[in-house]
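Results of the structural survey
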Amino acid sequence: MKSLITGLVLLMLGGCAGLSQSPPDAREALKGLAANAARGLLASPPWPAQDTPAITILLRPAEVAETLPITPSALNEALGRALLSNENAPHVLDWAPASISARADGQWLLQAELTADSPPLRLSDRTLQPYRLQFDLSQPGGEHWQWQASGALDPDALPRTTESP
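In this report, the structure presented in the accompanying data block is examined.

Another aspect to go through is the overall build of the protein. If you tally the helices and strands in the protein, you get three helices and seven strands. Counted from the first residue to the last, the protein has its helices and strands arranged as α-α-β-β-α-β-β-β-β-β. Evaluated residue by residue, the protein yields a buried proportion of 39% over its 165 residues. Within the protein, contacts between residues at least 6 apart in sequence are counted, and of these 65% link residues at least 24 apart. Total accessible area on the protein is roughly 10400 Å²; 55% of this is exposed by carbon and sulfur atoms.

Below, the structure is given as C-alpha coordinates:
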(Lines give C-alpha, C1' and ligand atoms only; values in the text may rest on other atoms or scores of the structure.)
Protein backbone atom coordinates (compact mmCIF):
# COMPACT_ATOMS: atom_id res chain seq x y z
CA MET A 1 0.00 0.00 0.00
CA LYS A 2 2.85 2.36 0.88
CA SER A 3 4.48 1.84 -2.53
CA LEU A 4 1.13 2.49 -4.24
CA ILE A 5 0.73 5.83 -2.43
CA THR A 6 4.34 6.76 -3.18
CA GLY A 7 3.80 5.90 -6.85
CA LEU A 8 0.63 8.02 -7.02
CA VAL A 9 2.37 10.99 -5.38
CA LEU A 10 5.28 10.72 -7.81
CA LEU A 11 2.88 10.45 -10.73
CA MET A 12 1.01 13.57 -9.60
CA LEU A 13 4.22 15.53 -9.09
CA GLY A 14 5.47 14.46 -12.51
CA GLY A 15 2.19 15.56 -14.10
CA CYS A 16 2.32 18.94 -12.38
CA ALA A 17 5.91 19.47 -13.44
CA GLY A 18 4.95 18.78 -17.05
CA LEU A 19 2.30 21.51 -16.96
CA SER A 20 4.67 24.37 -16.26
CA GLN A 21 6.32 25.91 -19.24
CA SER A 22 9.84 27.14 -19.09
CA PRO A 23 10.34 30.72 -20.19
CA PRO A 24 11.12 31.04 -23.89
CA ASP A 25 14.76 31.01 -24.83
CA ALA A 26 15.68 34.48 -26.05
CA ARG A 27 17.54 33.06 -29.02
CA GLU A 28 14.41 31.14 -30.12
CA ALA A 29 12.55 34.34 -31.07
CA LEU A 30 15.42 35.54 -33.26
CA LYS A 31 15.92 32.03 -34.63
CA GLY A 32 12.23 31.85 -35.59
CA LEU A 33 12.30 35.24 -37.30
CA ALA A 34 15.42 34.24 -39.26
CA ALA A 35 14.05 30.79 -40.16
CA ASN A 36 10.86 32.32 -41.58
CA ALA A 37 12.92 34.83 -43.54
CA ALA A 38 15.21 32.12 -44.95
CA ARG A 39 12.21 29.99 -46.00
CA GLY A 40 10.63 33.02 -47.68
CA LEU A 41 13.82 33.89 -49.54
CA LEU A 42 14.50 30.34 -50.69
CA ALA A 43 10.86 29.69 -51.67
CA SER A 44 11.27 31.94 -54.70
CA PRO A 45 14.90 33.02 -55.11
CA PRO A 46 16.09 35.29 -57.93
CA TRP A 47 18.18 32.42 -59.33
CA PRO A 48 16.86 29.08 -60.64
CA ALA A 49 15.88 27.09 -57.53
CA GLN A 50 17.85 24.01 -58.64
CA ASP A 51 21.03 26.15 -58.62
CA THR A 52 20.69 27.07 -54.92
CA PRO A 53 23.43 24.68 -53.67
CA ALA A 54 25.89 26.35 -56.07
CA ILE A 55 25.01 29.91 -54.99
CA THR A 56 27.13 31.90 -52.54
CA ILE A 57 25.43 34.58 -50.46
CA LEU A 58 27.75 37.21 -49.01
CA LEU A 59 26.17 38.95 -46.02
CA ARG A 60 26.75 42.67 -45.71
CA PRO A 61 26.41 44.07 -42.18
CA ALA A 62 22.70 44.11 -41.37
CA GLU A 63 20.87 47.32 -40.56
CA VAL A 64 18.72 47.07 -37.42
CA ALA A 65 16.42 49.68 -35.92
CA GLU A 66 17.88 51.16 -32.76
CA THR A 67 14.59 50.54 -30.96
CA LEU A 68 15.08 46.76 -31.21
CA PRO A 69 17.33 45.02 -28.67
CA ILE A 70 19.37 43.17 -31.27
CA THR A 71 22.69 43.85 -32.92
CA PRO A 72 23.37 43.70 -36.65
CA SER A 73 25.88 40.88 -36.07
CA ALA A 74 23.30 38.83 -34.13
CA LEU A 75 20.79 39.24 -36.96
CA ASN A 76 23.39 38.26 -39.58
CA GLU A 77 24.40 35.22 -37.54
CA ALA A 78 20.78 34.09 -37.20
CA LEU A 79 20.12 34.64 -40.92
CA GLY A 80 23.26 32.77 -41.91
CA ARG A 81 22.39 29.81 -39.71
CA ALA A 82 18.80 29.78 -40.97
CA LEU A 83 19.89 29.81 -44.62
CA LEU A 84 22.45 27.06 -44.02
CA SER A 85 19.93 24.85 -42.20
CA ASN A 86 17.87 24.28 -45.36
CA GLU A 87 18.19 20.99 -47.22
CA ASN A 88 19.52 22.54 -50.44
CA ALA A 89 21.28 25.43 -48.76
CA PRO A 90 23.36 28.02 -50.55
CA HIS A 91 26.86 28.80 -49.33
CA VAL A 92 26.71 31.68 -46.85
CA LEU A 93 29.57 33.92 -45.76
CA ASP A 94 29.10 36.58 -43.12
CA TRP A 95 31.52 38.76 -45.03
CA ALA A 96 31.19 40.90 -48.11
CA PRO A 97 33.98 42.63 -50.02
CA ALA A 98 33.70 46.29 -50.95
CA SER A 99 33.01 45.15 -54.52
CA ILE A 100 32.86 41.88 -56.38
CA SER A 101 33.94 41.08 -59.88
CA ALA A 102 31.40 41.07 -62.68
CA ARG A 103 32.59 37.50 -63.36
CA ALA A 104 31.40 36.31 -59.93
CA ASP A 105 28.42 34.53 -61.46
CA GLY A 106 27.01 32.59 -58.51
CA GLN A 107 27.63 35.25 -55.88
CA TRP A 108 24.93 37.48 -54.44
CA LEU A 109 25.36 40.30 -51.94
CA LEU A 110 22.65 40.30 -49.27
CA GLN A 111 21.77 43.40 -47.31
CA ALA A 112 19.23 42.77 -44.54
CA GLU A 113 17.31 45.63 -42.95
CA LEU A 114 15.10 45.14 -39.89
CA THR A 115 12.94 48.17 -39.11
CA ALA A 116 10.38 48.90 -36.41
CA ASP A 117 8.68 52.11 -37.51
CA SER A 118 5.17 51.45 -36.17
CA PRO A 119 4.14 52.09 -32.56
CA PRO A 120 4.20 49.08 -30.21
CA LEU A 121 1.03 47.03 -29.72
CA ARG A 122 0.25 46.80 -26.00
CA LEU A 123 -1.47 43.57 -24.98
CA SER A 124 -2.60 42.58 -21.50
CA ASP A 125 0.43 40.38 -20.86
CA ARG A 126 3.12 41.81 -23.15
CA THR A 127 4.03 44.36 -25.78
CA LEU A 128 4.57 43.44 -29.42
CA GLN A 129 6.65 45.52 -31.79
CA PRO A 130 5.61 45.47 -35.46
CA TYR A 131 8.59 45.00 -37.77
CA ARG A 132 9.53 44.84 -41.42
CA LEU A 133 12.44 42.71 -42.60
CA GLN A 134 13.73 43.48 -46.07
CA PHE A 135 16.37 41.66 -48.09
CA ASP A 136 18.15 43.36 -50.96
CA LEU A 137 20.07 40.88 -53.09
CA SER A 138 22.31 42.18 -55.81
CA GLN A 139 24.81 40.88 -58.32
CA PRO A 140 27.68 42.70 -60.02
CA GLY A 141 25.90 42.86 -63.37
CA GLY A 142 23.31 45.17 -61.90
CA GLU A 143 20.72 42.47 -61.21
CA HIS A 144 18.77 43.47 -58.12
CA TRP A 145 16.07 41.61 -56.22
CA GLN A 146 14.07 42.46 -53.08
CA TRP A 147 12.09 40.38 -50.63
CA GLN A 148 10.29 41.54 -47.53
CA ALA A 149 8.20 40.24 -44.68
CA SER A 150 6.43 41.91 -41.82
CA GLY A 151 5.06 40.81 -38.50
CA ALA A 152 5.26 41.58 -34.82
CA LEU A 153 7.71 40.31 -32.24
CA ASP A 154 8.05 40.45 -28.49
CA PRO A 155 11.17 42.57 -27.79
CA ASP A 156 11.47 40.92 -24.36
CA ALA A 157 11.92 37.55 -26.10
CA LEU A 158 14.92 38.77 -28.09
CA PRO A 159 18.46 38.33 -26.81
CA ARG A 160 19.80 41.43 -25.07
CA THR A 161 23.09 42.11 -26.79
CA THR A 162 25.28 45.10 -27.29
CA GLU A 163 27.96 45.90 -29.79
CA SER A 164 31.44 46.15 -28.37
CA PRO A 165 33.06 49.55 -28.99
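With that out of the way, let us pick up the pattern of salt bridges. Per the stated rule, a full pass over the model turns up one salt bridge. Glu77 is paired through a salt bridge with Arg81; the nearest N and O atoms lie 3.1 Å apart. Of this pair, Glu77 and Arg81 both sit in helix H3 (residues 72-84), separated by four residues, roughly a single helical turn. Judged by its relative accessible area of 57%, Arg81 is exposed.

Glancing now at the environment of Phe135. Mapped onto the elements of the fold, Phe135 is located in strand E6 (residues 127-138). The exposure class assigned to Phe135 is buried, which follows from its relative accessible area of 2%. Sequence-wise, Phe135 and Trp147 are twelve residues apart; in three dimensions their C-alpha atoms are separated by 5.1 Å. Setting aside anything within four residues of it in sequence, one finds Phe135 in contact with Ala37, Leu41, Leu79, Leu110, Gln111, Ala112, Trp145, Gln146 and Trp147.

We now examine the nonpolar core. In this structure, Leu75 and Phe135 are the most contacted members of the largest nonpolar core, which totals 36 residues. Of all the secondary structure elements, the ones that give two or more residues to this core are helix H2 (26-43), strand E1 (56-59), H3, strand E4 (107-115), E6 and strand E7 (144-153). At seven residues, the largest contribution of residues to this core is made by H2. In this view, Leu75 contacts Leu30, Leu33, Ala62, Val64, Ile70 and Leu114; residues no more than four positions away in its chain are not counted.

Of the strand pairs in this sheet, E6 and E7 are connected by ten bridges, and their pairing is antiparallel. Paired with Arg132 across the strands is Ser150, a residue of E7. The hairpin formed by E6 and E7 contains five residues between the paired strands, and Gly142 there has a positive phi angle of roughly 95°.

Rules used throughout
Residues numbered from 1 in each chain as written. Predicted model: local features only at pLDDT ≥ 70, side-chain atom pairs only at ≥ 80, totals over all residues. Heavy atoms only, no water. Helix = DSSP H or I, 4+ residues; strand = E, 2+ residues; numbered from the N terminus. Buried < 20%, exposed > 50% of the residue type's maximum accessible area, 1.4 Å probe, protein only. Contact = heavy atoms within 4.5 Å. Areas by Shrake-Rupley, 256 points an atom, 1.4 Å probe, with all protein chains shown as cover. Salt bridge = Lys/Arg side-chain N within 4 Å of Asp/Glu carboxyl O. Core = buried A, V, L, I, M, F, W, Y, C linked by side-chain atoms within 4.5 Å. Pairing = 2+ DSSP bridges.

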